[in-house]
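The chain contents come next:
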Amino acid sequence: MSDQDLLGMTIMLIGAGGMFVTAVIGVVNGAVVGPYGSVRVAAVVSGIGFAGLLAALLQSTGRLTGVDPTLAQGGGLSCVGASLVLLNPLTGTPLPFAQIGLVGAALSALGGVILLATAVDSQALDTA
């Protein structure tokens, strides 16, 4: 891994960690985000995303084995993106469009979790 790759992944991991910590602090302080978003769900999804990005970084640096770093990074980013939508529900957006955004966030989180599960055992899909 080049120095630029390592720097970029480290910065991305710090950003994802900041989102996770912010969402957890929001949950602890009782924050609620509009009728279409949830701080609790965003905290869980951003935590999963942070874990995926951390696994990708550790695998790329050789400190972790058995994880496909590309799948872990893609899954982590997908979960982080979903948490962004959940934390910012676009207040004032007409109901159908807000619900489309919520469904998009749910699908993005689901896809990210599937990618992370596949990253842990990338041979699972070949043997199924």
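Above this text is the structure in question.
Everything quoted here is computed from the prediction, not taken from an experiment.

What's the story with the environment of Leu77 in this structure? I'm lost.
Here Leu77 is to be found in helix α3 (residues 69–87). Accessibility expressed as a relative area gives 39% for Leu77, which makes it partly exposed. Sequence separation of Leu77 and Gly112 is 35 residues, and the distance between their C-alpha atoms is 7.4 Å. Not counting residues within four places of it along the chain, the set of residues in contact with Leu77 comprises Met12 and Leu53.

Would you take a moment to explain the packing of helix α1 (residues 3–28) against helix α2 (residues 39–60) for this structure?
Geometrically, a packed helix pair is captured by the angle between its two axes and the distance between the axes. With their axes 8 Å apart at the nearest point, α1 and α2 run at an angle of 155° to one another. Classified by the interaxial angle, the pair formed by α1 and α2 is roughly antiparallel. As for how α1 packs across α2, the hand of that crossing is left-handed. Of the residues contributing to the contact of α1 with α2, the split by class is 18 nonpolar, six polar and one charged.

Thresholds applied
- Residues numbered from 1 in each chain as written.
- Predicted model: local features only at pLDDT ≥ 70, side-chain atom pairs only at ≥ 80, totals over all residues.
- Heavy atoms only, no water.
- Helix = DSSP H or I, 4+ residues; strand = E, 2+ residues; numbered from the N terminus.
- Buried < 20%, exposed > 50% of the residue type's maximum accessible area, 1.4 Å probe, protein only.
- Contact = heavy atoms within 4.5 Å.
- Axes fitted to C-alpha atoms, helices over the stretch in contact; angles between N-to-C directions.
- Parallel < 35°, antiparallel > 145°, perpendicular 65-115°, else oblique.
- Left-handed = near helix turned anticlockwise from the far one by under 90°.
- Nonpolar A, V, L, I, M, F, W, Y, C, P; charged D, E, K, R; others polar.

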